[in-house]
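Observations on chain architecture
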Amino acid sequence: MAIYSLSLNSTVTTTGAAAMDMKASSSNQPRIMEVGLNLGAATASTYGIGRSGNTPTQTSPVALQAENPNDPAAQSGCAVAWSVAPTVPTQFFRRIALPATIGTGIIWTFPRGLILAASASMLLWNLATNSASVNAWWVADE
Amino acid sequence: MALYGGSIFQARGGTFNTSTVAADLKAGPYNATSVFEIGVFCGSGIQSSVALARATAELLQLYPSYLAAYENGDTYSSTALAQAWSVTPVFPTSHLRRTFLTGAQGVGIIWSFPRGLKLSPSNSVVLALPSSGQNQIGQYHMSAEVDE
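From a predicted model like this one, the values you see are computed outputs, not experimental measurements.

Side note on the pattern of salt bridges
Residue and element names in this part refer to chain B.
- If you walk through the whole model with that rule in mind, you get three salt bridges over all chains.
- With a shortest N-O distance of 3.1 Å, lysine 26 and glutamate 58 are connected by a salt bridge. Within this pair, whereas lysine 26 is found in strand S2 (residues 20-26), its partner glutamate 58 is found in the loop between strand S4 (48-54) and strand S5 (65-66), the two being separated by 32 residues in sequence.
- On the accessibility criterion, lysine 26 (11% relative accessible area) is buried.

So, in structure tokens, the structure goes:
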């Protein structure tokens, strides 16, 4: 098992939609160790982290990067657009309401890992009409 | 293996250009380094967007600032911080971490890597300034802790 991470910027503001996801490949079950996010536009925003209700199809996913360059390439990837959109999680592991201030954010850690099943997605979900710009990063053990 | 730490301060009149590299942390030529912590804090009230990424090529540092040992008696560090290079670094497009910093002196972030972010010999991790519609830092403090 090795540690991988990636950070992307999302401009998806739509309430009731995913701003970003991390998706496992069909042959791995990564452990999500950390998720961080912060706002790039001064809009009060509410986010949740939860498992997608369906199996979305990512558009132009970006693979996580190895934190040790000697480790093999990551199998998991993140995306901010989908051809088959994610559906709402039935339950959120974490929720946060952020004030309308650029730079506010949160870092969630999962010391034992939040396990993602093969081909499944973990979502950063818009629980309101959110900031026009949000940075988020994902750290995974796969 | 021993722990080393260091920091640099950069001040520029006005703002940095976007899509540029502001600083790097480079491993020495003969040893790999594990980065355990990187901190970035604003020294002036300019809102900014910053990212942490691996350099796309070896960077030739000018005036490197070598890290200091946490314990007296440990050998000198070969890992160094720098904010100028003989060849301008290429802006990396894939980032390990990104954050926005609001326009207030003292705001910042500390990223930690419990298992270590590994740098191969002569490789760098850079503080990059993405073009995200934000003004860039006029002054900043950057710190690092490594095990080499």
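There's plenty left to go through after this.
Regarding the packing of aromatic side chains
- Tallying each qualifying case throughout the model produces one aromatic pair over all chains.
- Aromatic side chains Trp137(A) and Trp111(B) sit 6.1 Å apart centroid to centroid with 80 degrees between the ring planes, which places their arrangement in the edge-to-face category. Separated into two different chains, Trp137(A) in strand S13 (residues 134-141) and Trp111(B) in strand S9 (residues 108-119) make up a pair that spans both.

Focus: the sheet that holds strand S3 (residues 31-39) of chain A
- Here we have five strands laid out as an open sheet, ordered S7-S1-S13-S3-S11 (chain A), and antiparallel in their pairing. Single-partner strands in this sheet number two, and they are strand S7 (65-66) and strand S11 (105-115) of chain A.

Concerning the sheet that holds strand S6 (residues 62-63) of chain A
Residues and elements named next belong to chain A.
- Spatially, six strands are ordered S6-S8-S2-S12-S4-S10 in an open sheet, and the strand pairing comes out antiparallel. The sheet terminates laterally at S6 and strand S10 (94-98), the two strands that pair on one side only.
- Bridge count between strand S4 (residues 45-51) and S10: five bridges; the pairing is antiparallel. Directly across from serine 45, in S10, lies its bridge partner leucine 98.

Quick look at unusual backbone geometry
- Positioned with a positive phi, Ser60(A) is a non-glycine residue whose angle comes to about 50 degrees.
- Secondary-structure assignment places Ser60(A) in the loop between strand S5 (57-58) and S6.
- What makes Ser60(A) exposed here is its relative accessible area of 61%.
- With phi around 70 degrees, Ser122(B) is a residue other than glycine that occupies positive phi space.
- Residue placement: Ser122(B) occurs in the loop between S9 and strand S10 (124-129).

Quick notes on the interface of chain A and chain B
- Contact residues are listed per partner, giving 26 residues for chain A and 21 residues for chain B.
- Buried surface at the junction of chain A and chain B, summed over both partners, amounts to about 1,900 Å²; 46% is from carbon and sulfur atoms.
- If you sort the residues of chain A by the area they bury against chain B, Gln65(A), Glu67(A) and Ile102(A) come out on top, with a joint share of 29%.
- Taken together, the links from chain A to chain B amount to two salt bridges.
- Counting across the chain A and chain B interface gives 14 residue pairs in polar contact (both at pLDDT 80 or more).

A few points about the pairing of strand S12 (residues 121-126) of chain A
All names here are of chain A.
- When you tally the buried positions in S12, you get six out of six residues, the bulk of the element.
- In S12, alternate side chains face the same way, and those of Ser121, Leu123 and Trp125 on one face and Met122, Leu124 and Asn126 on the other are all buried.
- Pairing geometry for strand S2 (residues 17-23) and S12, over six bridges, is antiparallel. Bridged to lysine 23 within S12 is serine 121.

Let's talk about the environment of Trp85(B)
Residues and elements named next belong to chain B.
- Tracing the backbone shows tryptophan 85 in the loop between strand S7 (80-82) and strand S8 (97-101).
- With relative accessibility at 12%, the residue tryptophan 85 sits in the buried group.
- Sequence-wise, tryptophan 85 and glycine 43 are 42 residues apart; in three dimensions their C-alpha atoms are separated by 22 Å.
- Aside from chain neighbours lying at most four places away, what touches tryptophan 85 is Val21, Ala22, Ala23, Asp24, Leu59, Leu60, Gln61 and Leu62.
- A distance of 3.0 Å separates the side chain of tryptophan 85 from the side chain of aspartate 24, its partner in a polar contact.

What counts, and where the lines are drawn
- Residues numbered from 1 in each chain as written.
- Chains lettered and ligands numbered in written order.
- Predicted model: local features only at pLDDT ≥ 70, side-chain atom pairs only at ≥ 80, totals over all residues.
- Heavy atoms only, no water.
- Salt bridge = Lys/Arg side-chain N within 4 Å of Asp/Glu carboxyl O.
- Helix = DSSP H or I, 4+ residues; strand = E, 2+ residues; numbered from the N terminus.
- Buried < 20%, exposed > 50% of the residue type's maximum accessible area, 1.4 Å probe, protein only.
- Phe/Tyr/Trp six-rings, centres within 6.5 Å; stacked < 30°, edge-to-face > 60°.
- Pairing = 2+ DSSP bridges.
- Contact = heavy atoms within 4.5 Å.
- Buried area = accessible area lost by both parts, 1.4 Å probe.
- Polar contact = N/O pair within 3.5 Å; in protein donor to acceptor, adjacent residues only side chain to side chain.

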